[in-house]
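Breakdown of the fold
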Amino acid sequence: MLVLLFVVNGIASLITLNNNRKVSEHISKITDPSLQSLEDFGDLLTASKMYTTNWVFLRSNQDDKDALKRLHNIDYPKLKVKLNLLSGKWDHKQMADSLQKIYTGFEQLLVVEKGVMSSLQKFEDYNDPVAKFESERIIEDEVLPHTSRLMNSLSGIISYEQNIRNQKNKDLEEYSMRLRMLISILAITIIFLGTFLSLYMARVIVSPINKIRDMVNDLGKGIIRKVNHKVSNDEIGKMVRSVNNLSEKLQATATFATEIGNRNFNSYFEPLSAEDTLGKALIAMRNNIKSSYQKLNEAQHIAKLGSWERDVKNDHVSLSDELFCIFDIDPVSFDSSFQSILQLIHPEDIKNFQAIGRKYMQDHLPATYECRIISAKGVTKNISVQSKVVIDAHGEVIKTIGIVQDITERKKGELALSESQKQIQTIFNAALDAIVIIDEEGKIVKWDSKAEILFGWKQEEQLGMLLTETIIPQQYREAHRRGMKLFLKTGEGPILSKTIEVRAINKNNDEFDISLSISPSLIDGKHQFIGFIRDITSRKKAEAKLRKSEADLERNNRELIQKNRDLEQFAFAASHDLQEPLRTISDFVGLLRQQYQGKLDEKADKCLAFIIQSSDRMKIFIRDLLQYSRIGSDNTNEQVNCMVILDEVLADLGKAIEETNADIKADPLPFISGHPAEIKQLFQNLIVNAIKFRKKDSIPKIKISAQKKDNYWQFTFADNGIGIEEQYNEKIFVIFQRLHTRSEYQGSGIGLSNCKKIVELHNGKIWVDSKPGEGSTFQFTIQQNSN
Ligand code: ADP
């Protein structure tokens, strides 16, 4: 706007000045010279009149006559030329025409004057009265009036030119006036515009610049924020945008730096540009810190060493990764309070822990101590703590920092070591063995008090002696020397402990038996061997005695087995032989009873019935006994399909099952290797018992199953019968043991002992779980590869 104003003003001024210049030029070059010339012309007219008059009346005035001649010949033509030049530039041609007329008139006058001059040319011409009077008349009648007319006309032109000059001067004034006005307006406009622009600038430029300045100042203080200013499209707007952009980028860089500070090394950051040295330096720093941090973590992990930093004022604790591991704290849920750490200290150690804490907070000296923690997962651990305080300029504690090492394993080791040392000491003290240490050459380096007692030699006598040469009798020495040489060759493969039993001699040359156990050991970096020597004379004697009694026992055993076999043979033969007469008795008595039915008195009939019953019982008994003695007599071993065996048993027991409505359920049963007949007998006995010992009012329910264990099958026969008292759980497997002797529970007391014998022959076990009134569960195992 200002430039426009200046331009307009300049143009206006130039135009005005140009006009003024033109007007002035016109005045100075045309108007004024014209006026001057016109006035000169007027003077010339007057002079012409005067000189002509003087020509006539003043005969001797030669000067005027010369002046008139000069006027006629020089002055007038010269003036006319000049005036013609000027009048040619006049704006009004009318005036030029008027001037031409005046020329004409004047030139006519000059002709008249010339007539006068020629008539009165010489001095004597004046003496001619006619010429004189004629000349006087011409002056009177022609020159004077004619000159007067010409003067009038010329005056009109002069006043006209003067008017023009006045007009031009007025114009000049007016232009100057306008120029002043224009300059004043420009000055006022500049003042107003300047004021307005100042205010506008203050608002539009200064305010955002102030904001930018504040923001930049804040940046200097590390505060990153944006300039809150409406972003326009002008330079200021661009500047605000650029500064905000800078702030944004710095914020991104600062955020990245913060993330690095928070150990979030995976946060994404791109350098702001190829020249972003700060960003690149941060990335390089992040990578370096990350790798160092990883290495530190690895090192801490290997050393089970964690570190912490506690901001005392803000109660903020930060832990290293390994310390989180040691405390078993989840880093995500950790609230960073010191209280949370305190809660982990073992209740028995907390007082001491707090006392140490108070002390080093007071005296500002580093502290090293050990305590126990109960980790967040409830694991008790031993830790070693080293801590120190960081104080500010006023001597106030602002931070505590330190390291924590998990020394649980070391503690355990120490404990175990001290335990084992104690134990070793106890063993040494309690040991009956004499302890001797020899070097690689077999020379004695230690000879303990028990060795002194055992052999009679004192340690001083034995040190440096070869063990073999002193305690081994002469006749065995050579062989022993060779054996010892071989054993003591160290560095050739692992050396294992060795125990030998040899004959030894004591200081008195008495021979006796010893056991010598030699173990290699590294003592003070040297290979040495510890020998434990025990007098085994009495053991040897006992062994000899034992060997003798073992031989006796074996012989007795053989005799017993033979007797047992004879007994079984006898039982088999007896029961076999008894079967026939028993059947005869039973058949005959039955026949007798039938024949004398109704003829016998009641008592005799009862007696006969009793005989039949007893002989039936006897039959069962003999059958069972036979079975018992047969078990194991046949070594058959084949694949037995237990499912088929069960089907056979159920078919055989069909009548009993039908009568009792027994509900028998079986899971799929396996193939086992064994004796088919014996397995069948085993199944049968258990099912018969389950039906026989059922509860009075309920249907017997039997559940049979088999379960595969490591290398055997475990069978289960569960019933809902009357059950067995716990005290009889073992007894019932003993032959002839019966718990229920009521008539409905007829039996021989052999069934379960049969089962036991069969199971044991198949390398298994049998047992029962039962409660009276709640049924019994018989279980037995059968080895898979039983034979
Ligand atoms: P018995 O010929 O009497 O059946 P066993 O040797 O088979 O002889 O059984 C010994 C005793 O064990 C039986 O007399 C009985 O008291 C008890 N017994 C065996 N099996 C069962 C069972 N399933 N329920 C309750 N008692 C049983």
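Being a predicted model, the structure only gives us computed values, none of them experimental.

1. A few points about a nonpolar patch on the surface
A contiguous nonpolar patch, built from Val3, Val7, Ile11 and Ile15 and spanning about 360 Å² of accessible area, is present on the exposed surface. Its place among the elements puts valine 7 in helix H1 (residues 2–57). Taking relative accessible area as the criterion, valine 7 reaches 43% and is therefore assigned partly exposed.

2. Focus on the pairing of strand E6 (residues 434–438)
Burial runs high along E6: five of the five residues are buried. Of the two faces of E6, both are covered, the one formed by Ala434, Val436 and Ile438 as well as the one formed by Ile435 and Ile437. Here E6 pairs with strand E10 (residues 526–535) via five bridges, running antiparallel. Among the inter-strand pairings, isoleucine 438 is bridged to a residue of E10, identified as phenylalanine 529. Here E6 pairs with strand E7 (residues 444–447) via three bridges, running antiparallel. When the sheet's bridge partners are listed, isoleucine 438 is paired in E7 with isoleucine 444. Linkage of E6 to E7, two consecutive antiparallel strands, is achieved through a turn of five residues, within which glycine 442 is found at a positive phi near 95°.

3. So, the pattern of salt bridges
Counted under the stated rule, the structure contains 42 salt bridges. Close ionic contact of lysine 381 with aspartate 328 constitutes a salt bridge, the shortest N to O distance being 3.6 Å. Remark: aspartate 328 occurs in the loop between helix H7 (321–327) and helix H8 (338–342) and lysine 381 occurs in strand E4 (residues 380–391); sequence separation between them is 53 residues.

4. A look at the packing of aromatic side chains
Enumeration according to the criterion identifies 18 aromatic pairs in this entry. Geometrically, the ring pair formed by phenylalanine 196 and tyrosine 200 is stacked, given 6.2 Å between the ring centres and 20° between the ring planes. A residue pair is termed a helical-turn pair when its members lie 3 or 4 positions apart in one helix, as phenylalanine 196 and tyrosine 200 do in helix H4 (residues 129–220) at four residues. Among the aromatic residues, those joined into a cluster by ring pairs are Phe41, Tyr76, Tyr103 and Phe106. In this arrangement the basic side chain of arginine 59 is found over the ring face of phenylalanine 123, its NZ or CZ atom lying 4.5 Å from the centre. Sitting over the face of the ring of tryptophan 767, lysine 765 holds its NZ or CZ atom 5.7 Å from the ring centroid.

5. Points about helix H15 (residues 537–595)
A rise of 1.5 Å per residue sets the reference length of H15, with its 59 residues, at 87 Å; its end C-alpha atoms lie 84 Å apart and thus fit the reference within 8%. At glutamine 579, H15 shows its maximal bend, which comes to roughly 30°, and the proline proline 581 appears one to four places after that position. Among all positions in H15, only Ser575, Leu582, Ser586 and Val589 are buried. Tucked into the core, H15 has its buried residues touching helix H16 (602–630).

6. Details of the side chain of aspartate 439
Note that aspartate 439 resides in the loop between E6 and E7. Among buried Asp, Glu, Lys and Arg side chains, aspartate 439 stands out as unpaired, with lysine 443 the closest opposite charge at 5.8 Å. Within the local environment of aspartate 439, its side chain forms a polar contact with the backbone nitrogen of glutamate 441, the two atoms lying 3.0 Å apart. Looking at aspartate 439, its side chain comes within polar contact range of the main-chain nitrogen of lysine 443, at 2.8 Å.

7. Thoughts on the pairing of strand E16 (residues 766–770)
Burial along E16 is one-sided: Ile766, Val768 and Ser770 are buried, while Trp767 and Asp769, pointing the other way, are not. The pairing of E16 with strand E17 (residues 776–783) spans five bridges and is antiparallel. Bridged to aspartate 769 within E17 is threonine 777. The loop that links E16 with its antiparallel partner E17 comprises five residues; one of these, glycine 773, has a positive phi angle of about 85°.

8. As for the sheet that holds strand E14 (residues 701–708)
The strands that make up a sheet pair up through hydrogen bonds in the backbone, lying either parallel or antiparallel. With respect to topology, five strands assemble into an open sheet ordered E12-E14-E15-E17-E16, the strand pairing being mixed. Unpaired on one side and paired on the other, strand E12 (663–666) and E16 mark the two borders of the sheet. Strand-to-strand, the axes of this sheet are offset by a mean angle of 15°, without reference to chain direction. Sheet topology note: the strand E15 (residues 712–719)/E17 ladder contains seven bridges and is antiparallel. Paired with threonine 716 across the bridge in E17 is glutamine 779.

9. Details of the confidence of the model for the protein chain
The share of residues in the protein chain with pLDDT of 70 or more is 96%, and the mean pLDDT across the chain is 86. Confidence scores differ between elements of the protein chain, with helix H10 (residues 408–430) showing the lowest mean pLDDT of 73 and E15 the highest of 96.

Each value, and the rule that gives it
Residues numbered from 1 in each chain as written. Predicted model: local features only at pLDDT ≥ 70, side-chain atom pairs only at ≥ 80, totals over all residues. Heavy atoms only, no water. Patch = residues over 30% accessible without salt bridge, like charges linked within 9 Å, V, L, I, M, F, W, Y side chains within 5 Å. Areas by Shrake-Rupley, 256 points an atom, 1.4 Å probe, with all protein chains shown as cover. Salt bridge = Lys/Arg side-chain N within 4 Å of Asp/Glu carboxyl O. Helix = DSSP H or I, 4+ residues; strand = E, 2+ residues; numbered from the N terminus. Buried < 20%, exposed > 50% of the residue type's maximum accessible area, 1.4 Å probe, protein only. Pairing = 2+ DSSP bridges. Phe/Tyr/Trp six-rings, centres within 6.5 Å; stacked < 30°, edge-to-face > 60°. Lys NZ or Arg CZ within 6 Å of the ring centre and 35° of its normal. Expected span 1.5 Å × (residues − 1). Bend = angle between axes of the 7 residues up to and from the residue. Contact = heavy atoms within 4.5 Å. Lys, Arg positive; Asp, Glu negative; His and termini not counted. Polar contact = N/O pair within 3.5 Å; in protein donor to acceptor, adjacent residues only side chain to side chain. Axes fitted to C-alpha atoms, helices over the stretch in contact; angles between N-to-C directions. pLDDT = per-residue confidence, 0-100.

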